[in-house]
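# Per-entry structural report
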Amino acid sequence: MTRNNLLLLALFVVLAFVPQIFTDGYVRHLFIIAFIYAIIASNWNLSLGHCGIFNFGHMTFFGIGVYTAAILTKTAGVNPWLAIPACAVTAAISAVIMAAPVARLKGIYVVLVTFAVNQLMVQLVLSQADLTGGAKGLVRLPFLTIGDYSFIRDYKLGYYYLALILLALSTAFLILVAGSPFGKSLKAVRDAEDYATARGISVARTRISVLVLSAIFTGIAGGFYTVYLRVASPEVFGFGTMSLVLSMVLIGGINSVLGPVIAALALTFASEAMAGIGGFEDARYIVIAVAMILVLRLAPGGLIQILERLAPTGQKPATPTRSPA
Amino acid sequence: MNDTILEVVDASKHFAGLKAVNGVSFGVTRGEILGIAGPNGSGKSTLFNLITGVPFGPTSGEIRFQGQRIDRWPAHRIARAGLARTFQKDAEFPDLTADETLLICGTYNGQLGRVAARTRSDEVLGLVGFADTRRGIPSRNLSVYEKKQLMIASGLMSRPAVLMLDEPASGLTKPEIENLDRLLVAVNASGVTVLLIEHVLSLLLSISQRLIVLNQGSVLAEGNPAEVVRNEAVITAYLGGRKQ
Ligand SMILES: Nc1ncnc2c1ncn2[C@@H]1O[C@H](COP(=O)(O)OP(=O)(O)OP(=O)(O)O)[C@@H](O)[C@H]1O
Ligand SMILES: [Mg+2]
């Protein structure tokens, strides 16, 4: 087990005890949101960081999850417990559709196409108001329950643990993927496309696969998010959420699994704390942007790199500049 | 039994008017070491590109490999079929260690499982003389020679039928070139057909059994290496090429 994985394990153990310390619903709510952001950011990092795909449509997968769960539970009357995993399927399918053009494009064109797909989804949601509720969205979705027990009780205790379990599953999944030959091939394709091709790796297939894999837990996170908040609105595709999550990826460190998870937790609370300061509601985004630029300038490997510098071990780190988790 | 393993038939690659490779035809005999020489810009690397499809195939013409037409195949499929090439410029997967590099090459090119890939890695690293102590270091931190060793080793992971090397000796010291010389002979002795582009003529002359000289995208001379280098046209092309 690597040191980063041990760190992660320790983090999850601590998080498992958080509800015993913070018994009010508000702090727990912040953690739940942070866990959701952590899932989105770390999965986005799989395509953006590990494979170097400038995918600006990652929030599409999240939004697909949101609307899949909302429509299934509200309109079709499907049990939320079934609707949430169904989001993995719909998000993965949307990833295949988005990947088809992206697989063979390069650089700025990937940005344009993926961004366009995201905008297309907004238009689709707005135009299909009968199904999606249009700009108003879908509200009052059914509660998540087990038997007679509603998850809204006990100050969101049930939601907290479900979110934590989803984050743990997603993280385990990402560590498994990153450690596999496929995970290594992502970095090969990112850094030396021709060399990788000359060694039997299909660049197109790798890109499609990584987009699909990164969509799975992102879709599930979307499904959980909408079931938790009991609303679905087109804002989830918006630029604001996207730039916040992107800063989590970049500040966390694009080459690791752990980095974006930690950055998501830190930024969610930092952003919330700043919102509490009068007149700072909008300025906080500037602060986050400045933090992002500083981290990128001072430690391009992200927070995870700074952490590694602070806690040197006897063993030399695998990479001097960037380190895989 | 047909012992022409690779056949290039009237192959061309044109870049907007520039005929980088122009109507080149030749066959490669199974088991031989074929040297390819020619002045700078004569189309040697482009020839390798269009044979392997990395990053492009020929504009026109045919490439046949073990009896199959491969010139319209996707490049990764050509590699999997058994044509392994190296690159003239340093190429490495900077974040991956030698072990990781060989693991993915074994997985995707050789369809090897982890255990089989590990066994094969030991073999190919031993063959190229890559130090065991350097296996866990990210490739970005390897020396030029080590990167070249790894690039050749990674090509050998899948037991290719043909190994194509693009100026492997450039940037190497004399003893390193001698090692390379021995390595290529050993690889060839194990049954691998070798295509070798090289500027260092001594290496070409010492190990190739046949030599092709390209000039301005076309085959200028072909045959016994010692005879080819005495060819008037070849001498002129080389001297003329340098003066330009
Ligand atoms: N991708 C490309 N686009 C445009 N022109 C190219 C491209 N690749 C090669 N050329 C041109 O094709 C010609 C042949 O180049 P090539 O690299 O094949 O020569 P070479 O024989 O390998 O030379 P060297 O000995 O310098 O490596 C050159 O004039 C080169 O500028
Ligand atoms: Mg060349």
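Computed from a predicted structure; not experimentally measured.

Quick notes on the rules
Residues numbered from 1 in each chain as written. Chains lettered and ligands numbered in written order. Predicted model: local features only at pLDDT ≥ 70, side-chain atom pairs only at ≥ 80, totals over all residues. Heavy atoms only, no water. Helix = DSSP H or I, 4+ residues; strand = E, 2+ residues; numbered from the N terminus. Buried < 20%, exposed > 50% of the residue type's maximum accessible area, 1.4 Å probe, protein only. Contact = heavy atoms within 4.5 Å. Areas by Shrake-Rupley, 256 points an atom, 1.4 Å probe, with all protein chains shown as cover. Lys, Arg positive; Asp, Glu negative; His and termini not counted. Charge placed at Lys NZ, Arg CZ, Asp CG, Glu CD. Pairing = 2+ DSSP bridges. Domains from an automatic or database assignment. Buried area = accessible area lost by both parts, 1.4 Å probe. Polar contact = N/O pair within 3.5 Å; in protein donor to acceptor, adjacent residues only side chain to side chain. Phe/Tyr/Trp six-rings, centres within 6.5 Å; stacked < 30°, edge-to-face > 60°. Lys NZ or Arg CZ within 6 Å of the ring centre and 35° of its normal. Donors = N, O, S within 2.8 Å, 3.2 Å for Na, K, Ca; no water.

Time to look at the overall build of chain B. A tally of regular secondary structure across chain B gives nine helices and ten strands. Along the longest, intermediate and shortest principal axes, the C-alpha atoms of chain B span 50 × 40 × 40 Å. Within chain B, the proportion of its 244 residues that are buried is 54%. Of all intrachain contacts in chain B linking residues separated by at least 6 positions in sequence, the fraction that spans at least 24 positions is 65%. Accessible surface, chain B: about 10300 Å² in total, of which carbon and sulfur atoms supply 51%. A gap of 4 Å separates the mean positions of the 26 positive and 24 negative side-chain charges of chain B.

All names here are of chain B. Summarising burial for strand 3 (residues 33-37): five of the five residues are buried, a large majority. Residue alternation in strand 3 divides its side chains into two sets, Ile33, Gly35 and Ala37 and Leu34 and Ile36, and both sets are buried. Two elements, strand 3 and strand 8 (residues 193-197), share four bridges in a ladder whose sense is parallel. Residue glycine 35 lies in a different strand from strand 8, and its bridge partner there is leucine 196. Pairing analysis gives four bridges linking strand 3 to strand 9 (residues 210-215), with the strands arranged parallel. Across the sheet, the residue bridging to isoleucine 36 is isoleucine 212, located in strand 9.

This paragraph deals with the domain arrangement of chain B. Accessible area lost when the parts come together is the quantity often used to give the size of an interface. Residue and element names in this part refer to chain B. As far as domains go, chain B holds domain 1 (1-82 + 161-244) and domain 2 (89-159). Of note, the centres of domain 1 and domain 2, computed from C-alpha atoms alone, are 24 Å apart. With both chains or domains summed, domain 1 and domain 2 bury close to 1100 Å², and 66% of this area falls on carbon and sulfur atoms. Here domain 1 and domain 2 share four residue pairs in polar contact (both at pLDDT 80 or more) between them. Those elements that place two or more of their residues in the side of domain 1 that touches domain 2 are helix 2 (75-81), strand 7 (162-166) and helix 6 (174-189). With five residues, helix 6 is the single largest residue contributor to the side of domain 1 that touches domain 2.

Attention now goes to the packing of aromatic side chains. On inspection of all chains with the given rule, the structure shows 20 aromatic pairs over all chains. Joined through ring pairs, the aromatic side chains of Phe22, Phe31, Phe35, Tyr160, Tyr161 and Phe269 of chain A make up one cluster. A cation over an aromatic ring shows up here: arginine 230 of chain A above the ring of phenylalanine 143 of chain A, its NZ or CZ 3.7 Å from the ring centre. Its end group placed over the ring of tryptophan 73 of chain B, arginine 77 of chain B keeps NZ or CZ at 3.6 Å from the ring centre.

So, on to the coordination of the magnesium ion (ligand 2). All names here are of chain B. Coordination of the magnesium ion (ligand 2) by the protein involves Ser45 (OG) and Gln88 (OE1), with metal-donor separations of 2.0 to 2.1 Å. Highlighted residues: serine 45 in helix 1 (residues 44-52) and glutamine 88 in the loop between strand 6 (83-85) and helix 3 (98-110), separated in sequence by 43 residues. Among the residues examined, serine 45 registers a relative accessible area of 22% and is labelled partly exposed. By relative accessible area, which is 35% here, glutamine 88 ends up partly exposed.

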